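Structure assessment
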Amino acid sequence: MRTVKKPVTESAPIISISGLTKSFANTDYYVLENVNLSIQRGEFFILLGPSGCGKSTLLNIVSGFIEKSAGEMSVDEEEVHKPGRNRGVVFQQADAALFPWLTVKENVEFGLKMKKVPKNTREQASAHYINVVGLQGHEGKFPRELSGGMKQRVQLARVLANDPDILLMDEPFGALDAMTRRTMQTELVRIWKETNKTVIFVTHDIQEALLLGQKVGVMSVGPSSNIETIYDISLPYPRSFSDKEFSLLYHKVQSHFD
Amino acid sequence: MGGVRNKVIDRKEAFQKSKQPTGFLKKLIHSGVVAWLLVFLIWSIASSVSDPQFLPSPLAVWKGAIDLSQDGSLSLYISVSFLRVISGWILGNLAAIPIGLLIGRISLLRALFDPVINFVRFIPPLAFITLFMLWFGIGEQSKIFLIMYATFFIVTINTITGVQALEEDKLRSARSMGASEWQIMLHVIIPGSLPYIFTGARLAMGSSFMAIIGAEMVAANEGIGYMIWNSRLYFKTDWIFVGLVILGLMGFTMDRVFNLFGKAALKRYNVVVK
Ligand SMILES: Nc1ncnc2c1ncn2[C@@H]1O[C@H](COP(=O)(O)OP(=O)(O)O)[C@@H](O)[C@H]1O
Ligand SMILES: [Mg+2]
């Protein structure tokens, strides 16, 4: 039986969503209806679904950017309605999200500066996370001087510097070329392991989902979409397409969209 | 093997090509010297066949400029007009930028003021000269207010556009990194809309010149506009031309200086699009 004083156990989910429903103003349908989901601390969770099914909408609600219409959502057992430092967001379009008037280093230090962290602490943190994402040597550059993959690394470092518990990523590699995307996927797994963050990663690419996720939540085609099935992917990292189990899983997940 | 060698040679050629100075003629045309020589040529020819009171020659205008400089009136008029433009323009910017930021940021204010702004902005500053004289007297005040008016709407509208053009993701990312609304204004919205604000200020400089010359023609005892208007009384067409050339030079110089400032001091904000 649960007592009032809850010890933070392994099994207490860091994100817990129940009966979540969303319909936008001036529309007469639900984008999301009755979404139920709980995500464990440290988990790499993939939100997979076809375009337009409501993945971004759900992630934006978790981010606190938009309000749900009904249902419950809590992070660390607290209802949330606003963005917060505990949830770092990596956006799909780096150009839209980064500040082009700031250098790589200044972008990475942005959150700490807002928090009025002293300069030398800030510099330590930015140096560390620039290292983590492999951007050393580019500190003084402006985003426009970087490639697409490097810009996404900046976004990642910028978010990590705030030390959030959760990383929310909405198709962050969608705009990259195939080769860079592959590299970034590998890097992300490494960073996730190094930092022990909880990750929600949105994608419509089944391969990407199976390469990255510990769990893959498959969303149904909208409207009134929700999470249809959750797959536990127990394959060890690094994963490979040529793996037999990988292709079995691929076909299983694929069947949802046929 | 041959393919590889070809590639190397091609690269070398391309490199040399890019380093080669463009043709002398091309350079000359781009520098504007040719265009000005043409203008002077046509001007000289036209003036040689017409009455100097109707169209004075470049030389006559040059002599007129020397006449006007002798008693110091030319430099006085230049500085008077310049001071009016610059003070009204600065004040206009100081009023317009914060208001533009607020209207751009707060949709309620936008809904409230948009119709008014879009109505008043079509009334040219010159139409207000007499009214401003009535309200603020014939002294400096009315002229400075006129310049402020000429500056205000252009800068406000550009600022609003700049704020609106900012990607939602920038605001969202700042917010999720813990920035307060005030910090977002200071660290995201203002730097992000600077290119638009800068363009607005630059355009406003042009319209300020138009406004001040008009105002000085109607009601002033000093200034380039006054000089142009007054020269008519003495049939000093050459002085009118001096005024026109000075106006062009002043505008050109101010624009250049402002642009250089933008390129140097606001470089990281990318305010000057090449
Ligand atoms: N602000 C909005 N207003 C109205 N409808 C919206 C809005 N944002 C998204 N939608 C609709 O919600 C559905 C899901 O969109 P989205 O969450 O972006 O899908 P996904 O990210 O899975 O491609 C779409 O049908 C889209 O048109
Ligand atoms: Mg989406």
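Scroll up for the structure.
The structure contained in this document is the topic of the report that follows. Nothing here was measured: the structure is a model prediction, and the numbers come from that model.

Examining the overall build of chain B
- Summing up its helical and strand segments, chain B has twelve helices and zero strands in all.
- Shown N-terminal to C-terminal, the secondary structure of chain B runs as helices and strands in the order α-α-α-α-α-α-α-α-α-α-α-α.
- A globule of 274 residues ought to have a C-alpha radius of gyration of about 19 Å, yet chain B, at 25 Å, is considerably larger.
- Evaluated residue by residue, chain B yields a buried proportion of 40% over its 274 residues.
- Relative to all contacts within chain B whose residues are 6 or more apart in sequence, the contacts with residues 24 or more apart total 73%.
- Working note: accessible area of chain B is about 16,300 Å², and carbon and sulfur atoms make up 70% of it.
- With 25 positive and 15 negative side-chain charges, chain B shows a separation of 13 Å between the mean positions of the two kinds.

Concerning the overall build of chain A
- Along chain A, the regular secondary structure elements total eight helices and ten strands.
- Once the C-alpha set of chain A is aligned to its principal axes, its extents read approximately 50 × 45 × 45 Å.
- Put simply, chain A has 258 residues, and 52% of those count as buried.
- The long-range share in chain A, meaning contacts at least 24 apart out of those at least 6 apart in sequence, stands at 70%.
- If you sum the accessible surface of chain A, you get close to 12,000 Å²; carbon and sulfur atoms cover 51% of it.
- Side chains of chain A give 30 positive and 30 negative charges; the mean places of these two sets differ by 6 Å.

Observations regarding the sheet that holds strand S5 (residues 78-79) of chain A
Residue and element names in this part refer to chain A.
- Spatially, four strands are ordered S2-S1-S4-S5 in an open sheet, and the strand pairing comes out antiparallel. Of all the strands in the sheet, the pair left with one neighbour each is strand S2 (32-39) and S5.
- The sheet contact formed by strand S1 (residues 15-22) and S2 spans five bridges and is antiparallel. The residue of S2 that forms the bridge with isoleucine 15 is isoleucine 39.
- Where helix H1 (residues 55-63) meets the sheet, its contacts fall on S1, S2 and strand S4 (70-75), and the angle it forms with S1 comes to roughly 125°.

Considering the pairing of S1 of chain A
- Where S1 of chain A meets S4 of chain A, five bridges bridge the pair, whose relative direction is antiparallel. The partner of serine 16 of chain A across the bridge, within S4 of chain A, is serine 74 of chain A.

Some thoughts on the pattern of salt bridges
- Tallying each qualifying case throughout the model produces 21 salt bridges over all chains.
- For glutamate 181 of chain B, the salt bridge goes to arginine 105 of chain B, with nearest N and O atoms at 3.0 Å. In this pair, glutamate 181 of chain B is assigned in helix H10 (residues 181-218) and arginine 105 of chain B in helix H5 (residues 73-105), connecting sequence segments 76 residues apart.
- Residue class for glutamate 181 of chain B comes out partly exposed when judged on its relative accessible area of 44%.
- Taking the shortest distance from any N to any O, the salt bridge between lysine 236 of chain B and aspartate 238 of chain B comes out at 3.9 Å.
- Aspartate 238 of chain B sits in the buried class, given a relative accessible area of 13%.
- When salt bridges that share partners are traced, they join Lys105, Glu109, Lys119, Arg122 and Glu123 of chain A into one network.

So, the environment of phenylalanine 246 of chain A
Residue and element names in this part refer to chain A.
- In this structure, phenylalanine 246 sits in helix H8 (residues 244-254).
- A residue is classified by how much of its surface remains accessible, and phenylalanine 246, at 2% relative accessible area, is buried.
- Considered as a pair, phenylalanine 246 and leucine 235 are eleven residues apart in the sequence and their alpha carbons are 7.9 Å apart.

A word on the interface of chain A and chain B
- Taken together, the contact between chain A and chain B spans 28 residues of the former and 20 residues of the latter.
- Area buried by chain A at its contact with chain B is led by Ala96, Trp101 and Met114 of chain A, which between them contribute 34% of it.
- Linking chain A with chain B are one salt bridge.
- Across the pair arginine 268 of chain B and glutamate 106 of chain A runs a salt bridge whose closest N-O atoms are separated by 2.8 Å.

Looking at the environment of serine 193 of chain B
- Relative to the assigned elements, serine 193 of chain B resides in helix H10.
- Considering only alpha carbons, one finds serine 193 of chain B and alanine 165 of chain B, 28 residues apart in sequence, at a separation of 7.8 Å.

Notes on the nonpolar core
- In this structure, Trp89, Leu146, Ile224 and Val242 of chain B are the most contacted members of the largest nonpolar core, which totals 50 residues.
- Put simply, the parts of the chain that give this core at least two residues each are helix H4 (58-70), H5, helix H6 (107-120), helix H7 (129-136), helix H8 (140-165), H10, helix H11 (224-231) and helix H12 (237-265) of chain B.
- By residue number, the principal contributor to this core is H10 of chain B, which donates eleven residues.
- Judged by nonpolar contacts, the second largest core, of 48 residues, contains Val117, Leu156, Trp192 and Leu235 of chain A.

Looking at the site of ligand 1
All names here are of chain A.
- Around ligand 1, the structure places Phe24, Tyr29, Val31, Pro50, Ser51, Gly52, Cys53, Gly54, Lys55, Ser56 and Thr57.
- Within the backbone of glycine 54, a nitrogen or oxygen atom sits 3.0 Å from an oxygen atom of ligand 1.
- Computed on the free molecule, ligand 1 has an accessible area of 560 Å², of which 59% lies beneath the protein chains in the complex.
- Tallied by class, the residues present in the shell around ligand 1 amount to five nonpolar, five polar and one charged.

Considerations on the sheet that holds strand S6 (residues 87-90) of chain A
Residues and elements named next belong to chain A.
- Spatially, six strands are ordered S6-S7-S8-S3-S9-S10 in an open sheet, and the strand pairing comes out mixed. Bordering the open sheet on either side are S6 and strand S10 (227-232), each of which pairs with just one other strand. Shown here is a sheet whose adjacent strand axes are inclined to one another by a mean of 20°, direction ignored.
- Where strand S9 (residues 215-219) meets S10, five bridges bridge the pair, whose relative direction is antiparallel. When the bridges of S10 are listed, lysine 215 appears paired with aspartate 232.

Considerations on the packing of aromatic side chains
- This model, assessed by the stated rule, comprises 23 aromatic pairs over all chains.
- Between tryptophan 192 of chain A and tyrosine 237 of chain A, the aromatic rings sit 5.6 Å apart at their centres with planes inclined by 65°, giving edge-to-face as the arrangement. With tryptophan 192 of chain A in helix H6 (residues 178-195) and tyrosine 237 of chain A in the loop between S10 and H8, the pair connects residues that are 45 residues apart, well separated along the chain.
- Given the relative accessible area of 8%, tryptophan 192 of chain A is considered buried.
- Residue classification places tyrosine 237 of chain A among the buried residues on the basis of a relative accessible area of 19%.
- Judged by centre distance (5.2 Å) and plane angle (85°), the ring pair of phenylalanine 152 of chain B and phenylalanine 153 of chain B falls under edge-to-face. The burial state of phenylalanine 152 of chain B is the same as that of phenylalanine 153 of chain B; both residues are buried.
- Following the ring pairs from residue to residue traces out a cluster consisting of Phe128, Phe132, Trp135, Phe136, Phe145, Tyr149, Phe152 and Phe153 of chain B.
- The lysine or arginine in question, lysine 22 of chain A, covers the ring of phenylalanine 24 of chain A, its NZ or CZ lying 4.9 Å from the ring centre.
- Positioned over the ring face of phenylalanine 142 of chain A is arginine 144 of chain A, at 5.1 Å from the centre of the ring.

Rules behind the numbers
- Once a new chain begins, its residue numbering starts again from 1 and follows that chain's sequence as written.
- All chains are assigned letters beginning at A, and all ligands numbers beginning at 1, according to the order in which they are written.
- Per-residue local features of the predicted model are confined to residues with pLDDT of at least 70, and side-chain atom pairs are confined, for both listing and counting, to 80 or more; whole-chain, interface and lining totals are unaffected and use all residues.
- Each side-chain value is worked out from all heavy atoms of the structure, with water and hydrogens disregarded.
- Secondary structure elements follow DSSP: runs of H or I of four or more residues count as helices, runs of E of two or more count as strands, with numbering from the N terminus.
- Atoms counted for the radius of gyration: C-alpha only. Globule rule: 2.2 Å times the number of residues to the power 0.38.
- Between buried and exposed lies partly exposed: a residue is buried under 20% and exposed over 50% of the maximum accessible area for its type, with that area taken using a 1.4 Å probe on protein chains only.
- Note on definitions: a residue-residue contact is assigned when non-hydrogen atoms from the two residues lie within 4.5 Å.
- For every accessible area listed, the method is Shrake-Rupley and the probe measures 1.4 Å; residues are considered covered only by the protein chains on display.
- Positive charge is attributed to Lys and Arg, negative charge to Asp and Glu, and no charge count is given to His or to the chain ends.
- Lysine's charge is taken at NZ, arginine's at CZ, aspartate's at CG and glutamate's at CD.
- Pairing between strands requires that DSSP locate at least two bridges from one strand to the other.
- Throughout, an axis means a line fitted to C-alpha atoms (over the contacting stretch in the case of helices), and angles, computed between N-to-C directions, take values from 0 to 180 degrees.
- Here, a salt bridge means any side-chain nitrogen of Lys or Arg that lies within 4 Å of a carboxyl oxygen of Asp or Glu.
- Throughout, buried area stands for the accessible area (probe radius 1.4 Å) lost by two parts on being put together, summed over both.
- In this text, buried Ala, Val, Leu, Ile, Met, Phe, Trp, Tyr and Cys residues form a nonpolar core when linked through side-chain atoms within 4.5 Å.
- Any residue with a non-hydrogen atom lying within 4 Å of a molecule or strand is treated as near it.
- Pairs of N or O atoms are called polar contacts if they sit within 3.5 Å, as long as, within protein, a hydrogen donor faces a hydrogen acceptor (for residues adjacent in sequence, only side-chain-to-side-chain pairs).
- Classification convention: Asp, Glu, Lys, Arg as charged; Ala, Val, Leu, Ile, Met, Phe, Trp, Tyr, Cys, Pro as nonpolar; all other residues, Gly among them, as polar.
- Note on aromatic pairs: the rings of Phe, Tyr and Trp (six-membered ring only in Trp) are paired at centre separations within 6.5 Å, and the planes decide the class, stacked below 30 degrees, edge-to-face beyond 60, tilted for the rest.
- Definition used: whenever NZ (Lys) or CZ (Arg) falls within 6 Å of the ring centre and also within 35 degrees of the ring normal, the charge is taken to sit over that ring.

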